[in-house]
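Here is how the chains run, residue by residue.
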Amino acid sequence: MLPILALIGLQQAVAMEEPGQLTVPLAGRPPIVCPLEGTQVVANVEGFGARVTVRQTFHNPTREAIEAIYTFPLPEDAAVDQMRLRVGERVVEGAIRLRDEARALYEAARNAGQTAALLDQERPNVFTQSVANIGPGARVEVEIGYVQVLKYEDARFEFVYPMVVGPRNVSQATDPGKIAPPTLRPGVRSGATIDLTLNVDAGAAIQDARAVLHDVDVSRGGKSRMVVRLKKKDEIPNRDFVFRYRVATDQVQSAFLPQWDVERKAGHFALVLLPPTDPAPAMVANRELWFVMDQSGSQQGFPIEKSKELTLGLVAKMRSDDTFNVMAFNTQATTLWPEPRHATEENVAEAQRFVQGLQANGGTNILEAVRQVLPENPSQDGIRIVVMNTDGYVGNETEILAAIRQRVASSRVFTFGIGNSVNRYLVDAMGHYGRGASEVVTLAEKADEAMARFYQRIESPVLTDVRMETEGPVSDVLPRAIPDVFSRTPIVIRGRYSKPGRASFTVSGRVGGQPWAQTMEVVLPGNSTRDSSIASLWARAKLDQLRFESAEPADPNRAAPRDYAAEMTRVALDYRIMSEFTSFVAVESRVVNVGGRQRSVRVPVEMADGVTMGMDVLERARDMSGGLALGGRPGSLAQGASANRGGLGGGGFGGATASPATSAGVQVRRADPRLSPVIGRATMAGKSVSPTTGQRAEVDAQKIAAGLRGKKGVLEVRVLLRQLDGTVRKAMKEAGFQLDDQDTRLKLVFGRIDAAKLAALARLEWVLRIEPLVD
């Protein structure tokens, strides 16, 4: 875990001259340019499915050629199957290739001076678009297409288009630079525009249509059709577009969508099966509920208050025979009690006081929370129900999901995404891997409905112990194991068939403890007017299934380990869709930049709406580093000219909560080892002992250490150094310091040391400051 805070400091205020042109003058440096002029989204919804086209326009307002690099989100369940490059009147269709092969083709074209585009998938919901050789004054368009199945619950459809990648704690990520774009401060925008049109053909009378976070214009084209457009032309792309609409429940029916592929001489299908309605309550005895709250820095302000609102309401609605506990996590996880307690009035009141007192600070260590709340050898009786509130702003999703998959046993995990632009991939996958359910609660919504839905899910699950049997020429039916259905959401089955004919699908399970079954007879056609969307959806489901299976413990009886990467690669290449192993690449044949010399520009993105963390961290980090300036690579922190407060920040997590605890005149702020480069200041006799900008630190480390000697036992501390290399680390180790994490750019280390050895550590010539991490 590295306490990396990707920050970019800007020396002067931001000046936006026109859409797509963010220029920031820097003394002695060329200006920063935002080459993304705008994004246009057109979504066509028909019944349960959507085909979406995203057009990104890049503009170069400078006098030299540039390469634009843009990190952006797409829906977590999208099957991305189209990409094309437009240069003037010329259109180049993107080709799917192995990721390394696509990168090689792109770099060769970039170096040769050809306009080229490369689309990489960093996560199922995070992508990087690179566009090379955009000439001075030129515009280049990249068009991306994907298909998805809409969410449907309780007769309500939901279409979501994410607009920004939220800031991530990348300390545990293996590829931090790929998922943490340079991020603007709140209130500062890049100048890029967003235009979105949603065409809906619901197939049933539409009722109660509304956008949750945006102002929209809605035009009706009959009872079942409508066109939705963003009302504001200068809309800031800093939050998810969420549009919900209801339809008459008696008009929504199960659907079978087949598609025959002439080239493959095989077919694909999607079966959307509606579960039974009005399930009887199924009382679950011995419920042990764990309420787990994210209190990391990204939750500062309104997000943590919304999370508290939700948790307080859930705690208040427990049954008297429930047992429960509360856990809060940032870099570390803390539980209210050593063991769960019964939901008595006294215990509920104590839990509510604990929740009310939580403050947002620190990093986001979901993995540690998962490991604690889902022990490898659970001892509880009955079922453990874990309710986790988080924004999912992390980079180690694979580890988190593997831990849930391997530890869930008889537990159930229900996740609530708290915020307006959460990491929906992780929030949804945690619920899926945890055999529970997930939901996003935006900052604009009251938590009451979410509370009611949660208790309805656990008290009256719609369908449990679900099984499927098929007859006919069908194969590769996904998912292999159908999870319990906790709310009135459809069961979506995808599969392949080898020849035309007939088939039947029987889904069975238990409703209110009683057996239930439903059979659907279908015709498998040998011709179809549908496009390849159904095949793409099957392929995406296959990738998800393989990713899910790869999280399982290795089979000790298998002669050789299964090569999931190779299997996923074959599926993605065969079906021409994006994956972590495949990329789209498009190269225009003409040379437009002889010699291929150009400047690479990362597109800055807006801070996610409602996220306010990290701004005080920017200032303290600037003070400590002697001022922030653009480093050698995007997202880096380097020493240089003094930074202005209107600058960029990339994914920092900060904010310290003052504690009244003091020791020998040294005030200690409650902080966290991976919270940020510098959070809080130690003061002695009311005098700041923080280093000053551009000078050697005016800190007497020995006095600080002497002030902390009143503490006993092993302390977690952070140490600011004049230099950080192997010699220094060796000397610190000899002084008794045990290194946990480090940031070489900031010359900052985190670790543990016995309080009795603090003086020896302080005597080292490289030590500038020592601070405890918790009081």
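As a reminder, the structure under discussion sits directly above these lines.
Residues numbered from 1 in each chain as written. Predicted model: local features only at pLDDT ≥ 70, side-chain atom pairs only at ≥ 80, totals over all residues. Heavy atoms only, no water.

Describing the overall build of the protein chain
Of regular secondary structure, the protein chain possesses 14 helices and 48 strands. Residue pairs at least 24 apart in sequence account for 74% of intrachain contacts in the protein chain once pairs closer than 6 positions are excluded. Roughly 30700 Å² of accessible area belongs to the protein chain as shown, and the carbon and sulfur atoms make up 47% of that amount. (Helix = DSSP H or I, 4+ residues; strand = E, 2+ residues; numbered from the N terminus. Contact = heavy atoms within 4.5 Å. Areas by Shrake-Rupley, 256 points an atom, 1.4 Å probe, with all protein chains shown as cover.)

Details of helix α8 (residues 448-459)
For α8, which comprises 12 residues, the first-to-last C-alpha distance of 17 Å matches the rise-based estimate of 16 Å (1.5 Å per residue) to within 8%. Every buried residue of α8 is accounted for by Ala 450, Met 451, Arg 453, Phe 454, Tyr 455, Arg 457 and Ile 458. (Expected span 1.5 Å × (residues − 1). Buried < 20%, exposed > 50% of the residue type's maximum accessible area, 1.4 Å probe, protein only.)

Observations regarding the nonpolar core
What tends to happen in soluble globular proteins is that the nonpolar side chains get buried as a cluster. Within the largest apolar cluster, 74 residues are counted, with the highest numbers of intra-cluster contacts made by Tyr 161, Leu 198, Phe 241 and Tyr 245. Considering each element in turn, this core owes the most residues, six residues, to strand β13 (residues 139-149). Among all residues touching Leu 198, those that are not within four sequence positions of it are Ala 43, Val 45, Phe 159, Met 226, Val 227, Val 228, Phe 241 and Phe 243. Of all hydrophobic cores here, the second largest spans 37 residues; its members include Ala 343, Leu 358, Val 387 and Phe 416. (Core = buried A, V, L, I, M, F, W, Y, C linked by side-chain atoms within 4.5 Å.)

Focus on the packing of helix α6 (residues 397-407) against helix α7 (residues 424-433)
In the contact formed by α6 and α7, the axes pass within 9 Å of each other and the chain directions differ by 15°. The pairing of α6 with α7 is recorded here as roughly parallel in orientation. In this structure, α6 crosses over α7, and the sense of that crossing is right-handed. Every residue of α7 that contacts α6 at Glu 397, Ile 400, Leu 401, Ile 404 and Arg 405 is listed here: Tyr 425, Leu 426, Ala 429, Met 430 and Tyr 433. Of the residues that constitute the contact of α6 with α7, the class distribution is eight nonpolar, no polar and two charged. (Axes fitted to C-alpha atoms, helices over the stretch in contact; angles between N-to-C directions. Parallel < 35°, antiparallel > 145°, perpendicular 65-115°, else oblique. Left-handed = near helix turned anticlockwise from the far one by under 90°. Nonpolar A, V, L, I, M, F, W, Y, C, P; charged D, E, K, R; others polar.)

Comments concerning the layout of surface pockets
Approximately 680 Å³ is the volume found for the second largest pocket. When contributions to the lining of the second largest pocket are tallied by element, the ones reaching two or more residues are β5 (36-46), β6 (49-59), β13, β22 (255-261), β23 (266-273) and α9 (533-550). In terms of residue class, the lining of the second largest pocket is built from 16 nonpolar, eight polar and five charged. (1 Å grid on protein atoms, 1.4 Å probe; cavity = no way out; pocket = protein on both sides within 12 Å on 5 of 7 lines; lining within 4 Å. Points joined across faces, edges and corners; volume = space filled by probe spheres on them.)

Some thoughts on the packing of helix α3 (residues 302-316) against α8
Between two packed helices, the angle of one axis relative to the other and the distance separating the axes together describe the packing. Direction vectors running N to C along α3 and α8 enclose 45°, while the axes themselves pass 9 Å from each other. Here α8 runs oblique to α3, going by the angle between their axes. In this structure, the crossing between α3 and α8 has a hand that is right-handed. Seen from α3, the contacting residues are Glu 309, Leu 310, Gly 313 and Leu 314; seen from α8, they are Asp 448, Ala 450, Met 451, Phe 454 and Tyr 455. For the contact of α3 with α8, the class distribution of residues is six nonpolar, one polar and two charged.

Section: empty space enclosed by the protein
According to the stated counting rule, one finds 11 cavities of 30 Å³ or more in the structure shown. Taken together, 20 residues form the lining of the largest cavity, with Leu 36, Thr 39, Tyr 70, Met 163 and Pro 237 sitting closest to its centre. In terms of residues, the lining of the largest cavity owes the most to one element, strand β7 (residues 66-73), which gives three residues. Taken together, the residues that form the lining of the largest cavity break down as 15 nonpolar, four polar and one charged. When its volume is computed, the second largest cavity comes out at roughly 110 Å³. Pro 73, Asn 125, Val 164, Val 422 and Asn 423 are the residues nearest the centre of the second largest cavity, which is lined by 16 residues in total. Taken together, the residues of the lining of the second largest cavity break down into eight nonpolar, four polar and four charged.

Brief notes about the packing of aromatic side chains
A full pass over the atoms with the stated rule returns 21 aromatic pairs. Centre to centre, the rings of Phe 48 and Tyr 152 are 5.6 Å apart; their planes meet at 75°, and the pair counts as edge-to-face. Of this pair, Phe 48 sits in the loop between β5 and β6 while Tyr 152 sits in strand β14 (residues 151-153); the two residues are 104 residues apart in sequence, bridging distant segments of the chain. Note on Trp 260 and Tyr 497: the rings are 5.7 Å apart at their centroids and 40° apart in plane angle, and the pair reads as tilted. (Phe/Tyr/Trp six-rings, centres within 6.5 Å; stacked < 30°, edge-to-face > 60°.)

Describing unusual backbone geometry
For residues other than glycine, phi is negative in most cases, and the peptide bonds are mostly trans. Each neighbour pair has its own omega, and for Leu 478 with Pro 479 the value is 0°, a cis peptide bond. Considering the arrangement of structural elements, one finds Pro 479 in the loop between β32 (474-478) and β33 (491-497). Positive phi is not limited to glycine here, since Asn 133 has a value of about 60°. Despite not being glycine, Asp 476 shows a phi value in the positive range, around 50°. By the secondary structure assignment, Asp 476 is in strand β32. Residue classification places Asp 476 among the partly exposed positions, given a relative accessible area of 25%.

Brief notes about the pattern of salt bridges
Within the structure shown, the criterion is met by 50 salt bridges. For Glu 397, the salt bridge is made with Arg 123, and the minimal N-O distance between the two is 2.8 Å. You can see Glu 397 sitting in helix α6 and its partner Arg 123 sitting in strand β11 (residues 114-123), a full 274 residues away along the chain. Taken individually, Glu 397 and Arg 123 each receive the classification buried, so the pair is uniform in this respect. Glu 158 serves as the salt-bridge partner of Arg 244, at 2.7 Å between the closest nitrogen and oxygen. Here Glu 158 lies in strand β15 (residues 156-161) and Arg 244 lies in strand β21 (residues 241-247), a separation of 86 residues in the sequence. Here Arg 244 and Glu 158 have matching classes, each one buried. (Salt bridge = Lys/Arg side-chain N within 4 Å of Asp/Glu carboxyl O.)

Function-wise, these values are silent; they only describe arrangement.
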